[in-house]
Amino acid sequence: MHFIKFFFILLGFSFLQSCSHPSLYQSKHYIFGTIVDISIYGEKEEKAEEAAKAVLEEFTRLHNSLHAWKKSDLTNLNESISKNKSYRNASSELIEIIKNARELEVTSNHLFNPAIGELINYWGFHQDEFTPIHPNESKIKSLVERRPSLNHLQISGTTITSSNPHVKIDLGGYAKGYALDRASKIIREHHIKNALINIGGNIMAIGQHGSKPWRVGIQDPRGAQAIAKVDLLDGWAIGTSGDYQRYFINDGKRYCHLINPFTGYPVEGIYSVTVLIEPSQNAGALSDVLSKPLFISKKENRKDMAKKLGIYHYLIIEEKHISMTKTMADRIQFLNPLTQKNNQIEITR
């Protein structure tokens, strides 16, 4: 039995190759349990540093507010719910996040479900350093039968109550994307025209890198390098869910942090799902959220789920099989000719 933990980081090829360029400013930090990379192109260092500092401060605020297991506004809310108490004086931001996440839960047929924190905690993923467990079938069945959902929350003014004390909110599949949207707003308010914000593989582009678009890589889920590259245009966001980001191996079996709310077990048989999201007010949040329902969906249901969620650009990697939409195929470039030779490639419309 052993434990492995990988953080998924999309590589920004164009800016990594040009990191010695005097007009490229980069700032790297560790927040949200992952690497955060802020790259700003074509600005004086003082201006870039000021904008990056403002973004970092916002990330730190969100990390402290939305943390799922360390003391935060979110854990305070979850504690009130578990005690059948009303949570009063909730911030307008937290309320709007919950409302938006609830809409996405419903639209995804509850495959994206931030209310299953009890299940996530049971599997040991509410820890910075998690260890393998031997799953108890009856315990998992009991947790699933509690049917927690954000639909069980009632919001009246600044007060939040729940009809189900087993709702335990975990915004791990939403918060990084939301932070991208906040970062984009801050960057633009600082009159920065060209930047790339990377939060552990959830990335948003602002402007471009010199005369070319920002270029990022898509991680090989079973390798240390990128499997493909894609140009990320102004306002576009990209996000990936993978079984190699947070997982443990027990008795030769891989258990990842992406849990099916209806079975209570981590999803098996799929390596990664990458989605490209067109510019919108919440493109960052969507890039974080929408890969999850595709990852969890049964293979035969993925196309319909993508259509329901409005996902037009996606890439799904499984063992010896890669599937993607035609629009995604037009945008990406595989970096190794053997990738296409050694995998069955399926392109859907």
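What comes next is a walk through the structure.

**Considering the pattern of salt bridges**
What the rule picks out here adds up to 18 salt bridges. The salt bridge involving Asp231 is made with Arg215; its shortest N-O contact spans 2.8 Å. Of this pair, Asp231 sits in strand 9 (residues 226-232) while Arg215 sits in strand 8 (residues 214-219), and the two are 16 residues apart along the sequence. You can call Asp231 partly exposed: its relative accessible area is 26%. The exposure class of Arg215 is partly exposed, given its relative accessible area of 30%.

**A few points about helix 6 (residues 137-145)**
Ile140, Leu143 and Val144 are the residues of helix 6 that are buried. Buried residues of helix 6, seen end-on, are gathered within an arc of 100° and therefore sit on one face of the element. Among the exposed residues of helix 6, those pointing more than 90 degrees away from its buried face are Ser138, Lys141 and Glu145. Where helix 6 is buried, its residues meet helix 5 (117-122). At the exit of helix 6 stands Arg147, carrying a positive phi of roughly 45°.

**Some details on the sheet that holds strand 14 (residues 313-318)**
The sheet built from nine strands is open, its strands ordered 2-3-6-7-10-13-14-15-17 with mixed pairing. Since the sheet does not close on itself, it has two edges, and those belong to strand 2 (24-31) and strand 17 (344-348), each with one partner. On average, each strand axis in the sheet is inclined to that of its neighbour by 10°, with strand direction left out of account. In this sheet, strand 15 (residues 321-325) lies alongside strand 14 in antiparallel orientation, the contact comprising four bridges. Paired with Glu318 across the two strands is His321, which belongs to strand 15. Across the sheet, helix 2 (residues 45-66) is in contact with strand 2, strand 3 (34-41) and strand 6 (195-199); its angle to strand 2 comes to roughly 15°.

**Details of the packing of aromatic side chains**
Applying the stated criterion across every chain, the model contains seven aromatic pairs. Feature note: the residues Tyr122, Trp123, Phe125, Phe248, Tyr255 and Tyr265 constitute an aromatic cluster, connected by ring pairs. Across from the ring centre of Tyr271, 3.8 Å away, lies the NZ or CZ of Arg222, which sits over that ring. Against the face of Tyr247 rests Arg254, its NZ or CZ located 4.2 Å from the ring centre.

Rules behind the numbers
Residues numbered from 1 in each chain as written. Predicted model: local features only at pLDDT ≥ 70, side-chain atom pairs only at ≥ 80, totals over all residues. Heavy atoms only, no water. Salt bridge = Lys/Arg side-chain N within 4 Å of Asp/Glu carboxyl O. Helix = DSSP H or I, 4+ residues; strand = E, 2+ residues; numbered from the N terminus. Buried < 20%, exposed > 50% of the residue type's maximum accessible area, 1.4 Å probe, protein only. Arc of directions from axis to C-beta. Contact = heavy atoms within 4.5 Å. Pairing = 2+ DSSP bridges. Axes fitted to C-alpha atoms, helices over the stretch in contact; angles between N-to-C directions. Phe/Tyr/Trp six-rings, centres within 6.5 Å; stacked < 30°, edge-to-face > 60°. Lys NZ or Arg CZ within 6 Å of the ring centre and 35° of its normal.

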